[in-house]
Amino acid sequence: MLKRKVYNELLKWKQQRHDDQLKKCLLLKGARQVGKSFIVKEFGNNEYESFISIDFFKQKQLKQIFAGELSSDEIYKRMTANIPGIRLIPGNTLLFLDEIQCCGNARTALKFLAEDMNFDVIASGSLLGLSYGQDDDEEVEEPASLPVGYESQITMYSLDFEEFLWAYGYGEHVLDELKQYMGTDDQIPESIHENFENLFREYMVVGGMPEAVADFAVNKDFGRVMEIQQSIIALYQDDISKHAKGREKQLVRMCYDAVPRQLAKELKKFQYSTVEKGQTGRKFGGSVKWLKDSCLVNACYNISEPYIPLMANEKLEQFKLYINDTGLLTCMYGFETKRAILNNEIKGNARGGIYENIISECLVKRGYTLHYYKPDDDHELEFLIEKDGEVLPIEVKAGNTASVSLNNYINDFSPSKAYKLIANRNGISGVKETLPHYFVLLL
């Protein structure tokens, strides 16, 4: 059983609904195969006396529950008529509406279900980040109206590195021993550093997809992991073919396939011309948006100046794309790349691109939005984050080379802290703190 942090977010929502009379259903979003349905079912069975699950993709006949009047009384009455043996216990029942994109009336009805404080409702589904105009799947139904103001939304991701360590049997306080080395001259003992470096490289290869992590925790077989990852990538490719509209199907697939190629070349921004020679955002801009909205990639925007709010300073035409799960990225590169990472033998531009991808993934899972800073052709900072009321720079090095761009940034903008993430142990010089890559979990 994989322990997930999002479980505590579900508990928080339940407490707000019961203690503060929060009139909102919960909408759980995220890419496919990150464990949304599994965690809701575990939550429902553990935390409620009665748990009712409706999957609108597998149980199409149950869409009739949401046909006609959408008052909560009518919906629950029709539910008892169509699902034999269910129990509706006021104050102790969770209704789970899975694959809700397949029933437009159910999405509309969330407003009325949210106002009914007798029962709690969680909804989830595939590709909910897409606007309905972007989705060409015949199974997807557009709601008559969206329940604006009646949904609390949570985006779920694949396992982060800490959750990955939990799956290995480490305790919840596994990171506490590392925190004591932040902000000090005390170096991490070599034995501890070597252990976490090895674990982090395994995380880069296995990734965070629950099926892959659960299987590896038991079998310790990288070949089995790769087979699972290949099936997930194939599923994503099928989603593109099924959900993208018209000619966009081909263009989205071309952009998705181009991301690992561009990372391997360590290009400074996403270049449409590498997707198809001579092309621009006019042809592929919609395809990139589709990939971002579907949570298959994470976008990182260049900014004109490093001041809060960073989003106000974004150069929308200059961005990088990273694959949502680095395990999937290394699978795209093939088994020999995985082997080279595990043996710490990966070289060339691909090495830098893979390390950028894992840091971007970890930052997103920490709740940060992604930005980078490239003031000129010769200097670039991989990431900037907003933290404690200021912008903090993060430089990522696959090894431990000179940090000219970070030093220039410190001189120009005087941040209170600046981070350099490397493969070696920690150190500190003024505001610049050098940390191993796995310390991204503590930023």
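Refer to the structure presented above.
Residues numbered from 1 in each chain as written. Predicted model: local features only at pLDDT ≥ 70, side-chain atom pairs only at ≥ 80, totals over all residues. Heavy atoms only, no water.

## So, the sheet that holds strand β3 (residues 93–98)
Within a sheet, adjacent strands bond to each other through the backbone by hydrogen bonds, running parallel or antiparallel. Taken together, the 5 strands give an open sheet; going across it, the order is β2-β3-β4-β1-β5, and neighbouring strands pair in parallel fashion. At either margin of the open sheet sits one strand with a lone partner, and together these are β2 (50–55) and β5 (151–155). Across this sheet, the average inter-strand angle for adjacent strands is 20°, counted without regard to direction. Pairing between strand β1 (residues 25–29) and strand β4 (residues 120–124): 3 bridges, direction parallel. In the sheet register, Leu 28 faces β4, and the bridge partner there is Ser 124. (Pairing = 2+ DSSP bridges. Helix = DSSP H or I, 4+ residues; strand = E, 2+ residues; numbered from the N terminus. Axes fitted to C-alpha atoms, helices over the stretch in contact; angles between N-to-C directions.)

## Re the nonpolar core
If you look at the biggest cluster of nonpolar residues, it comprises 101 residues, and the most contacted ones within it are Phe 161, Trp 290, Leu 291, Leu 363, Phe 383 and Ile 394. With 27 residues, the next largest nonpolar core counts Leu 27, Phe 56, Ile 65 and Ile 83 among its residues. (Core = buried A, V, L, I, M, F, W, Y, C linked by side-chain atoms within 4.5 Å. Buried < 20%, exposed > 50% of the residue type's maximum accessible area, 1.4 Å probe, protein only.)

## Comments concerning the packing of helix α7 (residues 190–206) against helix α15 (residues 349–365)
Running from N to C, α7 and α15 point in directions that differ by 90°, and their axes come no closer than 11 Å. For the element pair α7 / α15, the angle class is roughly perpendicular. Across the interface between the two elements, Phe 200, Arg 201, Tyr 203 and Met 204 of α7 pack against Ile 354, Tyr 355, Ile 358, Glu 361, Cys 362 and Lys 365 of α15. (Parallel < 35°, antiparallel > 145°, perpendicular 65-115°, else oblique. Contact = heavy atoms within 4.5 Å.)

## Quick word on the packing of aromatic side chains
Taken as a whole, this structure holds 21 aromatic pairs when the rule is applied. Pairing Phe 161 with Phe 164 gives two aromatic rings, centres 6.3 Å apart and planes at 25°, and the pair type is stacked. Residue Phe 161 and its partner Phe 164 are located together in helix α5 (residues 161–167), separated by 3 residues, close to a single helical turn. For the pair Phe 161 and Phe 164, a shared accessibility class is recorded, and that class is buried. Each residue in the set Phe 161, Phe 164, Tyr 168, Phe 200, Tyr 203, Phe 216 and Phe 222 is aromatic and connected to the rest through ring pairs, giving one cluster. Note that Lys 14 overlies the ring of Tyr 48, its terminal NZ or CZ placed 4.3 Å from the centroid. In this structure, Lys 220 is placed above the aromatic ring of Tyr 168, and the distance from its NZ or CZ to the ring centre is 5.5 Å. (Phe/Tyr/Trp six-rings, centres within 6.5 Å; stacked < 30°, edge-to-face > 60°. Lys NZ or Arg CZ within 6 Å of the ring centre and 35° of its normal.)

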